[in-house]
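# Per-entry structural report
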Amino acid sequence: MRISERARAIRPSPTLAIAAEAKARTARGEDIVGFGAGEPDFDTPEYVKRAAIRALEEGFTKYTPTAGILELRQAICEKLRAENRLDVSPEEVIVSCGAKQSLYNLFQALLDPGDEVVVPSPYWVSYPDMIVLAGGRPVFAKAGEEDGFQVTAGAIERALTPRSRALVLNSPCNPTGSVLSRERLGEIAELVAARPDLVVVSDDIYEQLIYSGEPFENLASMRPALAERTVVVNGFSKTYAMTGWRIGYAAGPKELVAAMGRIQDQSTSNPTSFAQKGALAALLGGAEGRAVLERMRTEFDRRRRRMLSLLREIPGVSCVEPLGAFYAFPNVEGLLGRRLEGRILATAVDLCQALLSRGVAAVPGEPFGAPGHLRLSFALGMADLEKGVGRIARLGRDLS
Ligand SMILES: Cc1ncc(COP(=O)(O)O)c(C=O)c1O
């Protein structure tokens, strides 16, 4: 079978592959600690489930407008106004099957062959492939470990060319957990203001998971003049533990959102009707919603601190403190180039393979653009977290 060049140009998602491998091994009875998952281990809040069940019982089971039901888009506008100081109308919002589909539609609607998108590196694995699928070219701006993985305006400037069409910002960041400081964001805003042709893609999916106490900011809320060429992407997966529901959204310039809508029209049509009702309930959750969120954030924070201190005790491992999301991104170069049971572990991929045989599923840094690192999710119970990091430490001790 001849497979299209387009499909051959992209890689399967390595994070989903690791999570699937861990699940398969667990199903075979192996004792695997899974650090691979990019999803909260909490269940979706009851009040959200109840709303979706009610929608089903009331027969809300038909097609909806492609861009999502009006009440949900209105609630998203209200959320963006209240929490992000953004003034957006429902025609400027599209609800998709996850933030992932919004991002996919966005690059399809924005890019022509050869157009470039500046992506800070390390990056979420899907950006480069989505950009390539849309005919574009990702250009990476290195976010240095010595800078706490916060990309600088200078690094972005060096990646810009006359073909640059967009800049992706993802703070808090998957995989590093870095959060752009106000100061850093201000410098990036200056740079973007001087490039009026540049569209900003602000992937805010981890906005509720910040542990420093700092309020969340994005480029558009910080610099309102940039709002007209910023597309805010967000969703329900991480904030409300709703990964399987597949509801995310984008808010941006009307023309661009309409183009994204045409692409969604010809692919999936609307996101699932009753899942939209669940998402609406999540946003309207009031005090109950805030309490659930706060409990989740507090628990993630507890695990984050524990993971960081355990990792920093392992000789050969260093780790920048993750200030957001639910990932630690330790540097494991000190464990590489050494032997385990006669075999040299040359790369983080080799290390992850060795870890899997010792009951730990971790994702290597390579697909995030950062060899020599591991991405460890702390969205798992404390006992498993301690057991898993203990196994990494033991492997470190067995190296010669
Ligand atoms: C940075 C980032 N953006 C977007 C997404 C997509 O989220 P979803 O499609 O579940 O809304 C993810 C999920 O892992 C992510 O980590």
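Procedures and definitions
- Residues numbered from 1 in each chain as written.
- Predicted model: local features only at pLDDT ≥ 70, side-chain atom pairs only at ≥ 80, totals over all residues.
- Helix = DSSP H or I, 4+ residues; strand = E, 2+ residues; numbered from the N terminus.
- Rg over C-alpha atoms; globule rule 2.2 N^0.38 Å.
- Buried ≥ 20, exposed ≤ 12 C-beta atoms within 10 Å, placed from the backbone.
- Core = buried A, V, L, I, M, F, W, Y, C linked by C-beta atoms within 7 Å.
- Domains from an automatic or database assignment.
- Contact = placed C-beta atoms within 7 Å.
- Nonpolar A, V, L, I, M, F, W, Y, C, P; charged D, E, K, R; others polar.
- Pairing = 2+ DSSP bridges.
- Axes fitted to C-alpha atoms, helices over the stretch in contact; angles between N-to-C directions.
- Near = placed C-beta within 6 Å.

The subject of this paragraph is the overall build of the chain. The helix and strand inventory of the chain stands at 14 helices and 14 strands. Its C-alpha radius of gyration of 21 Å places the chain within 12% of the 21 Å reference for a compact globule of 400 residues. Overall, the C-alpha framework of the chain stretches about 60 × 55 × 55 Å when taken along its three principal axes. A total of 400 residues make up the chain; the buried ones form 48% of that total.

A word on the nonpolar core. In terms of nonpolar packing, the biggest core is built from 123 residues, with Leu-167 and Ala-250 touching the most fellow members. Tallying contributions element by element places helix H5 (residues 98-110) first for this core, with seven residues. In terms of domain composition, this core takes at least three residues from each of domain 1 (5-43 + 289-395) and domain 2 (62-285). Apart from residues no more than four positions distant in its own chain, Ala-250 is found in contact with Ile-94, Ser-102, Leu-106, Val-231, Val-232, Val-233, Val-257 and Met-260.

Another aspect to go through is the domain arrangement of the chain. The assigned domain composition of the chain is domain 1 (5-43 + 289-395) and domain 2 (62-285). The C-alpha-based centres of domain 1 and domain 2 are spaced at 25 Å. Each side of the interface is counted separately: domain 1 has 35 residues, and domain 2 has 33 residues. Taken together, the elements giving at least two residues each to the side of domain 1 that touches domain 2 come down to helix H2 (14-27), helix H12 (286-312) and strand E9 (327-328). With seven residues, the top contributor of residues to the side of domain 1 that touches domain 2 is H12. Residues that form the side of domain 1 that touches domain 2 fall into these classes: 19 nonpolar, eight polar and eight charged.

Moving on, we come to the sheet that holds strand E7 (residues 230-235). Pairing between the strands of a sheet is mediated by backbone hydrogen bonds and can be parallel or antiparallel. The sheet built from seven strands is open, its strands ordered E2-E8-E7-E6-E5-E3-E4 with mixed pairing. The strands lining the two open edges of the sheet, one partner per strand, are strand E2 (93-96) and strand E4 (137-142). Neighbour to neighbour, the strand axes of the sheet diverge by 20° on average, direction disregarded. The pairing of E7 with strand E8 (residues 248-251) spans four bridges and is antiparallel.

Neighbouring the ligand are 13 residues; Gly-98, Ala-99, Lys-100, Gly-235 and Ser-237 lie closest to it. No other element matches H5, which puts three residues into the shell around the ligand. Its residues placed into classes, the shell around the ligand shows three nonpolar, eight polar and two charged.

Right, let's get into the sheet that holds E9. Across the sheet, which stays open at both edges, the three strands sit in the order E9-E14-E13 with antiparallel pairing between neighbours. Only two strands of the sheet have a single partner each, and these edge strands are E9 and strand E13 (363-364). As paired strands, E9 and strand E14 (residues 374-377) are joined by two bridges and run antiparallel to one another. Counted as the bridge partner of Tyr-327 is Ser-377 from E14.

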